[in-house]
Amino acid sequence: MSSTEYIESIAPPGEESAAIDRSRPVPGIYWVLGIFVGATATYLISRGVYNALNIGGSKPTSSLYIIGTSTLGAAIATTFALAAFKPFDRISSNAVRGSVIVVVSLLLVFGFWTILSGPANVSMARFAFPIIGTTWFFIAATSFIGEDAHVANLSPGRRTLLNLVLWVAGTALVVASITWIPPFWFGFIQTLLVTGGFAYALHNVRQPAKSLYAWSILVILTTAAILVSSALNTWVIHAPRFGPWPIGGPSPEWGIFFGLWCGLNYGVLGPMQCWPFSRIRQPWGTVVATLAVIAWCYLLTLLLIAIFGGIFSNHAQALVEAQDWAWNTVFWGFCFALVFGAGSRPYLWRGQTTPGSWEKVEAE
């Protein structure tokens, strides 16, 4: 649901602007702190469960299960949110409904990876990341950037069910043919969507042209990020990791950063209503927010390496464990914002007249 749709659902016609204020960081900051607590809890629980069960001979590769549980679990929770919380929409309490969705999402993703790598005997090393990355591509292409334009006239439950068919079939087809669709755009897309960067830059552009321009922007930004990372020796460009994609792959340190970039991006900006960046006029608000997210994820990467380096004597293991923890922020970041609705109160960006819309802009 867009910001504009949300406002229309809670305010009588013509009264939207009167009830809307600027963004504020409270109580969003408490939700952000909750991400750190939740990530620590699911990291420890997942690590203990998968190491104990040793599903499909997972030792010492339980890392793939831990990362898969958080990232694909977040995708399942996102699916419930896109479906207007069906079939749990009859639960009136937001806290209870959100908690139920969290538990159900974790159980479903646990069952998925357990069956896939156990009875189905699918290699986690070969297929875990391709499944995760490609699934999120189809979710983003249809519902985030695509804005569900192909199923716009359907109810949330029905359109999400149809999208789910597309996501599963598309992921299976891609993984079986070209291995995956690399997900390294995922950090940029979160910031550009939650700050309204895409909405501002592409206002008055209609689908499907809007999606084409958005993906073009993401390709340019992702290419720039890979080139910069390669120059900083945190990315090996000429060493393909998956499939035919000639983009190489990241170092373990970059993997930690990427996990944080995916989990502490929308997961932070959403609950905090993009404060303080929403006080800066567009497009500079989005530019500053993008750079700030990258900066705090980089600093947290250094902190995680130091913390886990002090816990595990083996440096390689410390990097793996740090990455596992980092990816657990994805589940809680998406759940708090999308499932529990943290930061969902409508607010105005500086220069904006209607939340979620850049059709009209106030003059300074």
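Asks: Hey, could you go over the overall build of the chain for me, with residue numbers and the actual values?
Replies: From N to C terminus, the chain includes 13 helices and six strands. For 364 residues, the compact-globule estimate of 2.2 N^0.38 gives 21 Å, and the C-alpha radius of gyration of the chain, at 20 Å, lies within 12% of that figure. Expressed as lengths along the three principal axes of its C-alpha atoms, the size of the chain is roughly 60 × 45 × 40 Å. Relative to its full complement of 364 residues, the chain shows a buried share of 49%. Restricting to contacts in the chain with at least 6 residues of sequence separation, those with at least 24 account for 76%. When the accessible surface of the chain is split by element, carbon and sulfur atoms take 68% of a total near 17,000 Å².

Asks: Got a sec to walk through helix α10 (residues 252-263)? Specific residues and values, please.
Replies: Each α-helix turn comprises 3.6 residues. Residues three or four places apart therefore point the same way. With twelve residues, α10 should cover 16 Å at 1.5 Å per step; its first-to-last C-alpha distance of 17 Å lies within 8% of that length. Buried within α10 are the following residues: Trp254, Gly255, Ile256, Phe257, Phe258, Gly259, Leu260, Trp261, Cys262 and Gly263.

Asks: Explain the side chain of serine 143 residue by residue, including any values.
Replies: By the secondary structure assignment, serine 143 is in helix α5 (residues 124-144). A distance of 2.9 Å separates polar atoms of two side chains, one belonging to serine 143 and the other to aspartate 148. At 3.5 Å, the side chain of serine 143 forms a polar contact with the side chain of asparagine 163. Not counting chain neighbours up to four residues away, the residues in contact with serine 143 comprise Leu82, Asp148, Asn163 and Trp167.

Asks: I'd love a proper account of a nonpolar patch on the surface, names of residues and values included.
Replies: On the surface, a cluster of nonpolar side chains totalling about 390 Å² of accessible area is made up of Val26, Ile29, Tyr30 and Leu33. Residue position: leucine 33 is located in helix α2 (residues 28-53). Look at leucine 33 and you get partly exposed, because its relative accessible area is 49%.

Asks: Lay out unusual backbone geometry in plain terms, naming residues and giving numbers.
Replies: Cis geometry marks the peptide bond from valine 26 to proline 27; its omega dihedral reads 10 degrees. Relative to the assigned elements, proline 27 resides in the loop between β1 (21-22) and α2. For the bond running from glutamine 282 to proline 283, omega is 5 degrees, close enough to zero to count as cis. Among the structural elements, proline 283 can be located in the loop between α11 (266-269) and α12 (284-311). Positive phi outside glycine occurs at alanine 84, with the angle close to 60 degrees. Inspection of the secondary structure assignment puts alanine 84 in the loop between α3 (62-82) and α4 (94-117). A relative accessible area of 32% places alanine 84 in the partly exposed class. Here threonine 179, not a glycine, exhibits a phi torsion of approximately 75 degrees, which is positive.

Asks: Which residues make up helix α9 (residues 209-231), and what values go with them?
Replies: In this model, α9 (23 residues) spans 33 Å end to end at C-alpha, consistent with the 33 Å of a helix rising 1.5 Å per residue. Those residues of α9 that are buried lie in contact with α5, α7 (186-194), α8 (197-201), β2 (235-236) and α10. Directly beyond the C-terminal end of α9, a positive phi value near 65 degrees is found at asparagine 233.

Here is what the cut-offs are and how they apply
Residues numbered from 1 in each chain as written. Predicted model: local features only at pLDDT ≥ 70, side-chain atom pairs only at ≥ 80, totals over all residues. Heavy atoms only, no water. Helix = DSSP H or I, 4+ residues; strand = E, 2+ residues; numbered from the N terminus. Rg over C-alpha atoms; globule rule 2.2 N^0.38 Å. Buried < 20%, exposed > 50% of the residue type's maximum accessible area, 1.4 Å probe, protein only. Contact = heavy atoms within 4.5 Å. Areas by Shrake-Rupley, 256 points an atom, 1.4 Å probe, with all protein chains shown as cover. Expected span 1.5 Å × (residues − 1). Polar contact = N/O pair within 3.5 Å; in protein donor to acceptor, adjacent residues only side chain to side chain. Patch = residues over 30% accessible without salt bridge, like charges linked within 9 Å, V, L, I, M, F, W, Y side chains within 5 Å. Salt bridge = Lys/Arg side-chain N within 4 Å of Asp/Glu carboxyl O.

Everything listed here is a matter of coordinates, which is why it stays silent on function.
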